[in-house]
Amino acid sequence: MAISKTLKHKTQKLVDSKHMLKGITFASFLESTIVPIPLEAVMVPLMQARRDKLWLIALMATLGCIVGALFGYAIGYFLFDLVGQWVIDTFSSPKQFEQVKQQMQAQGFWFVLTLGIAPIPFQIAMLAAGATKYSLLMFVLASAIARSIRYFGLAAVVYFAGNHAERVIRKHKTKAIAGLSIAVLLLWWAANALKG
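Positions within a chain are numbered from 1, following the residues in the order the chain's sequence is written. Given that the model is predicted, a residue must reach a pLDDT of at least 70 before its local features are reported, and side-chain atom pairs must reach 80 or more before they are shown or counted; all residues, however, enter totals for whole chains, interfaces and linings. Water and hydrogen atoms were dropped before computing side-chain values, which therefore reflect all heavy atoms in the structure.

1. A look at the overall build of the chain
Numbering of helices and strands runs from the N terminus; a helix is a DSSP stretch of H or I covering at least four residues, while a strand is a stretch of E covering at least two. When its secondary structure is counted, the chain shows nine helices and zero strands. Overall, the chain shows an N-to-C arrangement of helices and strands of α-α-α-α-α-α-α-α-α. Burial status follows relative accessibility: with a 1.4 Å probe on protein chains alone, a residue under 20% of its type maximum counts as buried, one over 50% as exposed, and anything between as partly exposed. Evaluated residue by residue, the chain yields a buried proportion of 42% over its 196 residues. Shrake-Rupley sampling with a 1.4 Å probe provides the accessible areas, and residues are treated as covered by the protein chains on show and by no other component. When the accessible surface of the chain is summed, it comes to about 10900 Å², and 68% of that surface belongs to carbon and sulfur atoms.

Next up, the structure:
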């Protein structure tokens with residue numbers, strides 16, 4: 001309950017701030033890197049209150065996440081030996097990270113795209129991409145697509161559902177994530193079938 005009140009208070013301050021767009025970009029950066037904050041809990045009320053900036057809020061959140069993804073990739077690429085174990089211990093387990101690394105080497109683009117949509121810590125994908133030296137361009141592309149689906153999807157719900165958006169999201173969030181994940185997995189399977 002205290003977290004909910006704090007988020008509402010912070011969101012209200014952000015709505016009225018001239019630094020609203022910078023704030024949501026920074027919050028998205030933090031959410032995608034080290035702070036597991038529920039960004040939707042801030043973004044949806046913010047989008048409802050500032051419908052004039054609805055799509056811009058989604059864009060800035062996407063950009064913040066992409067910068068965060070680059071930051072995480074760089075940590076994996078340059079500093080894995082120094083901080084990699086801490087990230088693994090904080091967001092995952094060594095066994096899960098090893099599985100992620102193997103998937104990254106085998107199917108990096110589709111794997112990042114799936115993790116960017118599914119409710120799995122994205123930090124692990126960023127770290128594994130850097131640690132395995134996966135293509136930076138393909139990593140950024142997959143991250144941008146996944147997070148655009150997430151944030152512009154929220155904006156679309158607010159656009160169509162208006163003040164009922166929070167209720168609609170709460171009711172259908174799990175089904176939407178499952179549906180999107182299945183769609184990505186089917187595309188992944190089709191891409192592999194066409195290759196073979």
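2. Quick notes on the packing of aromatic side chains
Whether two aromatic rings pair depends on their centres lying within 6.5 Å, for rings of Phe, Tyr and Trp, where Trp uses its six-membered ring; planes under 30 degrees apart make the pair stacked, over 60 edge-to-face, and the rest tilted. Summed over all chains, the structure comprises nine aromatic pairs. In textbook terms, an aromatic cluster arises when at least three aromatic residues are bridged by ring pairs, as seen for Trp55, Phe152, Tyr159 and Phe160. For a ring to carry a charge above it, either NZ of a lysine or CZ of an arginine must fall within 6 Å of the ring centroid while also lying within 35 degrees of the normal to the ring plane. Taking the ring centre of Tyr77 as reference, the NZ or CZ of Lys133 above it sits at 4.4 Å.

3. Some thoughts on the pattern of salt bridges
Should a side-chain nitrogen of Lys or Arg be within 4 Å of a carboxyl oxygen of Asp or Glu, the pair is scored as a salt bridge. This model, assessed by the stated rule, comprises two salt bridges. A salt bridge links Glu31 to Arg150; the shortest N-O distance between them is 2.8 Å. Separated by 119 residues along the polypeptide, Glu31 in helix α2 (residues 20-33) and Arg150 in helix α8 (residues 136-161) bring together distant segments of the chain. Assigned by exposure class, Glu31 and Arg150 land together as buried.

4. Here's the deal with the confidence of the model for the chain
Mean pLDDT for the chain: 80, with 84% of residues reaching 70 or above. The least confident element of the chain is helix α1 (residues 2-15), whose mean pLDDT is 58; the most confident is helix α4 (residues 54-78), at 92. pLDDT runs from 0 to 100 and stands for how confident the predictor is about each residue.

5. Regarding the packing of helix α6 (residues 94-117) against helix α7 (residues 122-131)
Across the interface, α6 lies against α7 with an axial gap of 9 Å and an inter-helix angle of 115 degrees. Considering how the two elements wind past one another, α6 and α7 form a crossing that is left-handed. Mapping the contact onto sequence places Phe97, Val100, Lys101, Met104, Val112, Leu115 and Gly116 in α6 and Phe122, Ile124, Ala125, Leu127, Ala128, Ala129 and Ala131 in α7. Here the nonpolar group is Ala, Val, Leu, Ile, Met, Phe, Trp, Tyr, Cys and Pro; Asp, Glu, Lys and Arg are the charged ones; every other residue, Gly included, is treated as polar. When its residues are assigned to classes, the contact of α6 with α7 shows twelve nonpolar, one polar and one charged. Lines fitted to C-alpha atoms define the axes, with helix axes restricted to the stretch in contact, and inter-axis angles between N-to-C directions lie between 0 and 180 degrees. For any helix crossing, the convention is left-handed if the near helix is rotated counterclockwise from the far helix by under a right angle, and right-handed if that rotation is clockwise. Whether two residues are in contact is decided by their heavy atoms, any of which lying within 4.5 Å being enough.

6. Some words on the nonpolar core
If you look at the biggest cluster of nonpolar residues, it comprises 26 residues, and the most contacted ones within it are Met104, Phe122 and Phe139. Looking at this core, the elements that each hand over two or more residues are α4, α5 (80-91), α6, α7 and α8. Broken down by element, the residue count for this core peaks at ten residues, all from α6. Once residues lying within four places of it in the same chain are set aside, the contact partners of Met104 are Phe111, Val112, Ala125, Ala128, Ala129, Thr132 and Tyr134. Put simply, a nonpolar core is a bunch of buried Ala, Val, Leu, Ile, Met, Phe, Trp, Tyr and Cys residues held in one set by side-chain atoms that sit within 4.5 Å of each other. Listed in part, the 20 residues of the second largest apolar core include Ala27, Leu46, Ala155 and Val158.

7. Details of the packing of α2 against α4
Taken N-terminus to C-terminus, the directions of α2 and α4 make an angle of 40 degrees; their axes are 7 Å apart at the nearest point. Relative to α4, the element α2 is oriented oblique. Read as a crossing pair, α2 and α4 show a hand that is right-handed. Here α2 contributes Met20, Leu21, Ile24, Thr25, Ser28, Phe29, Ser32 and Thr33 to the contact with α4, which in turn contributes Leu56, Ile57, Met60, Ala61, Gly64, Cys65, Val67, Gly68, Ala69 and Phe71. Grouping the amino acids of the contact of α2 with α4 by side-chain chemistry returns twelve nonpolar, six polar and no charged. Angular relationships are summarised with four words: roughly parallel below 35 degrees, roughly antiparallel beyond 145, roughly perpendicular across 65 to 115, and oblique for the angles in between.

8. Overview of unusual backbone geometry
The phi dihedral of Lys133 falls on the positive side, at around 60 degrees, and the residue is not glycine. The residue Lys133 is located in the loop between α7 and α8 in this model. Its relative accessible area of 46% is what places Lys133 among the partly exposed residues.

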